[in-house]
Amino acid sequence: MQKIFSKSLSRSLDPKGRLMLPPEYREGLCAASENGAFWLTAFYGRLVAYLPEDWGAVTTQLCRIALPSPRLAHFKTKVMGLAQELIPDAQGRVRIPQALIREADLKKDVMLVGMFNKFEIWDQSRFDALSIEDVSAELAASGLDISL
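Predicted model only: the values in this text are computed from it and were never measured.

### What to know about the overall build of the chain
Assigned secondary structure in the chain consists of 6 helices and 8 strands. Secondary structure elements in the chain, listed N-terminal to C-terminal, are β-β-α-β-β-α-α-β-β-α-β-β-α-α. In terms of overall size, the chain behaves like a compact globule, its C-alpha atoms giving a radius of gyration of 16 Å where 148 residues would be expected to give roughly 15 Å. In terms of overall dimensions, the chain has a C-alpha envelope of 45 × 40 × 30 Å along the principal axes. Looking at the chain residue by residue over its 148 residues, the buried ones come to 37%. Sequence separation of 24 or more characterises 59% of the internal contacts of the chain that already satisfy a separation of 6 or more. Total accessible area computed for the chain in this model is approximately 9200 Å², and 54% of it derives from carbon and sulfur atoms. Here the chain contributes 18 positive and 18 negative side-chain charges, whose respective centroids are spaced 7 Å apart.

Basis of the calculations
Residues numbered from 1 in each chain as written. Predicted model: local features only at pLDDT ≥ 70, side-chain atom pairs only at ≥ 80, totals over all residues. Heavy atoms only, no water. Helix = DSSP H or I, 4+ residues; strand = E, 2+ residues; numbered from the N terminus. Rg over C-alpha atoms; globule rule 2.2 N^0.38 Å. Buried < 20%, exposed > 50% of the residue type's maximum accessible area, 1.4 Å probe, protein only. Contact = heavy atoms within 4.5 Å. Areas by Shrake-Rupley, 256 points an atom, 1.4 Å probe, with all protein chains shown as cover. Lys, Arg positive; Asp, Glu negative; His and termini not counted. Charge placed at Lys NZ, Arg CZ, Asp CG, Glu CD.

Note that every value here comes from positions in space, so none of it alone points to a role or purpose.
This is how it looks when you write it as structure tokens:
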């Protein structure tokens, strides 16, 4: 797994919905694609940014679902329907589409969370409200043995 995005940083959206990407994120994006392009979509109250190659893998897997349940079909429709390819401008800013801002309920202050080969964008207050619960049983059921 590529370790491109490892830092988590607080940022602010400007009045036009633009987000200034941190230099290390821009460097990682430019190393992965010529113009720094990435795909942004929404999952479970946050935005998730994928490198183009990884987004291709996600869409390939979603398209393999032959007869999804209505619930899964709605998930697929929303995730793929909201997805946008974004390219940072010369200053390293991206304009987040209004549909994605609404879906993730982003206000002015946001948190970028590095997740190795992708990154997430959370509304700062929603990120702050996350709690860390005991997930040791779920980790073990997934075959992971992480010392917490």
